[in-house]
Amino acid sequence: GTGTLTFTPGVVTQVVTVKINNDGSYEGAETFNVNLSAEANATIAHGQGKGNILDNGSVEFAQAVDGTYAGALTGSGTLAKTGVGTLALTGVSAITGATTISGGKVSLQGQLGTSTATVNTGATLAGIGTLAGNLVVNTGGTLAPGNSPGTLTVTGNVTLHAGSNFVTEIDGRI
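Criteria and cut-off values
- By convention here, each chain's residues receive numbers from 1 onward along its written sequence.
- Where local features are concerned, this predicted model is filtered to residues with pLDDT of at least 70; where side-chain atom pairs are given and counted, the filter is 80 or more; whole-chain, interface and lining totals use all residues.
- Hydrogens and water molecules were not included; the side-chain quantities draw on all heavy atoms of the structure.
- For the purposes of this entry, the term helix denotes a DSSP run of H or I that reaches at least four residues, the term strand denotes a run of E that reaches at least two, and both are numbered from the N terminus.
- Note on classification: 1.4 Å probe, protein chains only; a residue is buried when its accessible area is under 20% of the maximum for its type, exposed when over 50%, partly exposed between these limits.
- Throughout, a contact is declared for two residues whenever any of their heavy atoms are within 4.5 Å.
- Values of accessible area rely on a 1.4 Å probe in the Shrake-Rupley scheme; residue burial ignores everything except the protein chains shown.
- For two strands to be treated as a pair, DSSP must find at least two bridges joining them.

Enquirer: In this structure, what is going on with the overall build of the protein chain? I would like to understand it.
Expert: Scanning the protein chain from terminus to terminus reveals zero helices and 17 strands. Looking at the protein chain as a whole, 30% of its 174 residues are labelled buried. A fraction of 13% describes how many contacts in the protein chain between residues 6 or more apart in sequence connect residues 24 or more apart. Accessible area for the protein chain stands at about 10300 Å²; split by element, carbon and sulfur atoms hold 52% of it.

Enquirer: What is the right way to read the sheet that holds strand β7 (residues 86-89) from this model?
Expert: As summarised here, the arrangement of the six strands in space is β4-β7-β10-β12-β14-β17, forming an open sheet in which the pairing is parallel. If you trace the sheet from one side to the other, it starts and ends with β4 (67-69) and β17 (165-166), each paired once. In terms of strand pairing, strand β14 (residues 142-145) meets β17 through two bridges, oriented parallel. Residue pairing in the sheet places L143 in a bridge with F166 of β17.

Enquirer: Whenever I open this one, the side chain of S93 confuses me. Can you help?
Expert: Locating S93 in the fold gives a position in strand β8 (residues 92-95). On the accessibility criterion, S93 (7% relative accessible area) is buried. Ignoring sequence-local partners within four residues, the contact set of S93 consists of G71, A72, L73, Q111, L112 and G113.

Enquirer: For this particular structure, what's the right way to read the pairing of strand β11 (residues 111-119)?
Expert: On a regular strand, each side chain points to the face opposite its neighbour's, so the side chains alternate between the two faces of the sheet. The sheet contact formed by β8 and β11 spans three bridges and is parallel. Counterpart to A94 in the pairing with β11 is G113. When strand β9 (residues 99-101) meets β11, the two strands line up parallel, connected through three bridges. Bridge assignment links I101 to a residue of β11, and that residue is V119. In this structure, β11 lies alongside strand β13 (residues 130-137), joined through seven bridges in parallel fashion. The partner of V119 across the bridge, within β13, is V137.

Structure, rendered in structure tokens:
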């Protein structure tokens, strides 16, 4: 379908809800696109966003720019963060599948319930939220708790592999 998305002056992000109706059949991996065009008095930096619709409820944030997700992720699916942008997770989520951070940064400001969160090479987990599960930081991945300063809580086990990075703030300085 189509619609109009209006930004008031000074607002640079909008929440777009995509409702999936009566999708009870397995069709394999599906995607949807959000196309932005016909801007007035503005410039669109990235004209298309892509979302994945998978029958097992997996979600991927493939971001080239910074953004915030304030909603709740629930169910048995997985969460993946790719791309160079920062994703701020501010909602309360409880997914039972794995969370994988493979690019950019996840700033956990809310709560993320997951079996295991894994931070891969070149990616960062930061913030002051709560990770209800285990955390694994692989070689080249970074754990950077806090928000000048602050506490990131992990209720499960934390594993920092050889070559991983732990960045901490003292008095707001890294």
